[in-house]
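# Notes for the structure review
Each chain is listed here by its residues.
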Amino acid sequence: MLLAIETSCDETAVAVLDLSPALRNSSEYLKADIISSQTKLHEPFGGVVPELAAREHNQNLPVLVSSALRDSIISVKDISLVAVTRGPGLKGCLLSGLAFAKAFAGAKGVPLLALHHLEGHIFASHLMPEDEQPVYPCLSLIVSGGHTMLVYIPCFREYRIVAQTRDDAAGEAFDKVATLLGLPYPGGPALSAAAAAGNPQCFRFPVAIPQDPASFSFSGLKTAVQRTVTQLKNSQSNKAAERQVLDKELVANLAASLEAAIVRALVEKSLVAVQELKPRSFLLTGGVAANKVLRARFAEVLAPLEVRFSVPKQRWCTDNAAMMGVLAREIVLHDPSPYAAWREGARASGMLGPGVRSAVSAMPKWPLDQLFHSI
Ligand code: KG4
Ligand code: ZN
C-alpha cells in the first residue's frame, strides 16, 4: 500500500493506492482520495497566503492521513511506500508535506519517493480507463495556476519542453481577470461559471505573439480587459450608467470573451506543435484543464486528426494526491527491483529509500526537463 501526499499550494491532499500489479483500473487500486480545500481560509485575502497555507497543511495532514487509512480499511503498518510532492510550488507548503512524509517514512522504515508536481499532473491521466490514457509519443499541454507549457513525451518519464509562457500562466490570467471583474475567489472556476451566460464574440481579445510557436503570453490579457472596462465606463455619461458597466450581462460577456481568447491561444499553439511533432496522443492536464470550454474545444479540433485525446476527469485536473500516487505506482511497477531490495534490508543509514537522503529538501523551482539532474 502506498500513501501519497500533495501540499504544493493551498490544497491538502492525501491518497492511498494499492500497489498490486494485478489491479489495472484506478477504481480498483485507488483506496482513498481526499482533497481538503483551503478556499475559505484564503478568500478574504483574494489569493493564497503562503504562511497560512503551510500552517493549515501541518494541522490537516495527521487528520487526513488517519481518514485516508480508515477509508482504505488498512492501518499504518500496511503502508510500504510514501510518495510526496517535492516541487515546484510554495516553499513553506512543500516543506510541510515533505517533513510529514519524511517523518512517516523514517518512523515506519519504508521508502520515500519525492516527486515533481507537474509530472503528477501528467500522470493524472493514468487514473482514467485504459483506452483514455495517453500513448507515447505524447504531446501534453500543462495548464495550471503556475505553469503553461507544451511538453513532448517520447517515452516513459522523458520530457522535452516545446513551449512555455513568457509571463503569466493561463490560470493566473483567469484568476487576475476574475478579480478585476469583481468575481469571487477562486477566480478561474468563478470566471468560467460567469462566462457560461455570456457571448464569447462580444469582445475580441488578442492572442499574444502568434508567430512564435515556442512561447505563450497571457499578461497582456488583463490589461486588455482593464482597458475595455475603462472605455466602457468612459462611454457612459452618468453614475447609473457607470454602474451598468459591472452589470451581470456585461461581466458575463467579458468573461466569455476572455475565456475564448485563452482557449484560442492554447489551442492554436498546441495544434501547430501537433502538426510538427505528430504525437500519437495529446494530453490536456493541470487545473485549467478542468475548464469545460477548453476540454470541449480540444476534443473538437483533435477529433479529425489521428491523435488520441486524453484529459483527466475534473477532480484530477486540479491539485490532488491521487495523481502523485499513480505516478509513484507507475514508477515502482515500471522497475520494482530497487524498492524490493531496499525493503529486504539494503537500507543504508540516513537513507529514506533507494537514492533518497533524509536531507532531501523542497524544490520550489524545478524545471520539468531537469527531473533527474537535481536529485
Ligand atoms: O493545478 P492547480 O490546481 O494548481 C496549480 O498547480 O497551480 O491549478 C489551479 C489553477 C488556478 O489558476 C485556477 O483558477 C484554475 O487552475 N482553474 C480553472 C478552472 N478550475 C481551476 N481555470 C479555468 N476554468 C476552470 N474551471
Ligand atoms: Zn497543480
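In this report, we go over the structure that sits alongside the text.

Rules used throughout
Residues numbered from 1 in each chain as written. Chains lettered and ligands numbered in written order. Predicted model: local features only at pLDDT ≥ 70, side-chain atom pairs only at ≥ 80, totals over all residues. Heavy atoms only, no water. Pairing = 2+ DSSP bridges. Helix = DSSP H or I, 4+ residues; strand = E, 2+ residues; numbered from the N terminus. Buried < 20%, exposed > 50% of the residue type's maximum accessible area, 1.4 Å probe, protein only. Right-handed = clockwise from strand over helix to strand, strands pointing away. Arc of directions from axis to C-beta. Contact = heavy atoms within 4.5 Å.

### Description of the sheet that holds strand E6 (residues 138-143)
On the basis of which strands lie adjacent, the open sheet formed by six strands has the order E9-E8-E7-E6-E10-E11 and mixed pairing. Both edges of this open sheet fall to strand E9 (215-216) and strand E11 (308-310), since each of them pairs with a single strand only. Here six bridges tie E6 to strand E7 (residues 148-153), and the two strands are oriented antiparallel to one another. Residue pairing across strands places Ser140 opposite Val151, the latter belonging to E7.

### Some words on the pairing of strand E10 (residues 281-285)
In terms of burial, E10 is a largely internal element, five of the five residues being buried. The side-chain alternation of E10 yields two buried faces, one formed by Ser281, Leu283 and Thr285 and the other by Phe282 and Leu284. Inspection of the sheet shows E6 paired to E10 by five bridges, in the parallel sense. Within E10, the position partnered with Ser140 by the bridge is Leu283. Sheet topology note: the E10/E11 ladder contains three bridges and is parallel. Opposite Leu283, over in E11, you have Ser310 as the bridge partner. The parallel pair E10 and E11, bridged by helix H11 (residues 292-302), forms a crossover whose chirality is right-handed.

### Re helix H7 (residues 187-195)
Within the sequence span of H7, burial applies to Gly187, Gly188, Ala190, Leu191, Ala194 and Ala195. Buried residues of H7, viewed axially, fall in a sector of 170°; they line one side. When the buried face of H7 is taken as reference, the exposed residues oriented beyond 90 degrees from it are Pro189 and Ala193. Structurally, H7 contributes buried residues whose contacts are with helix H6 (170-180) and helix H10 (248-277).

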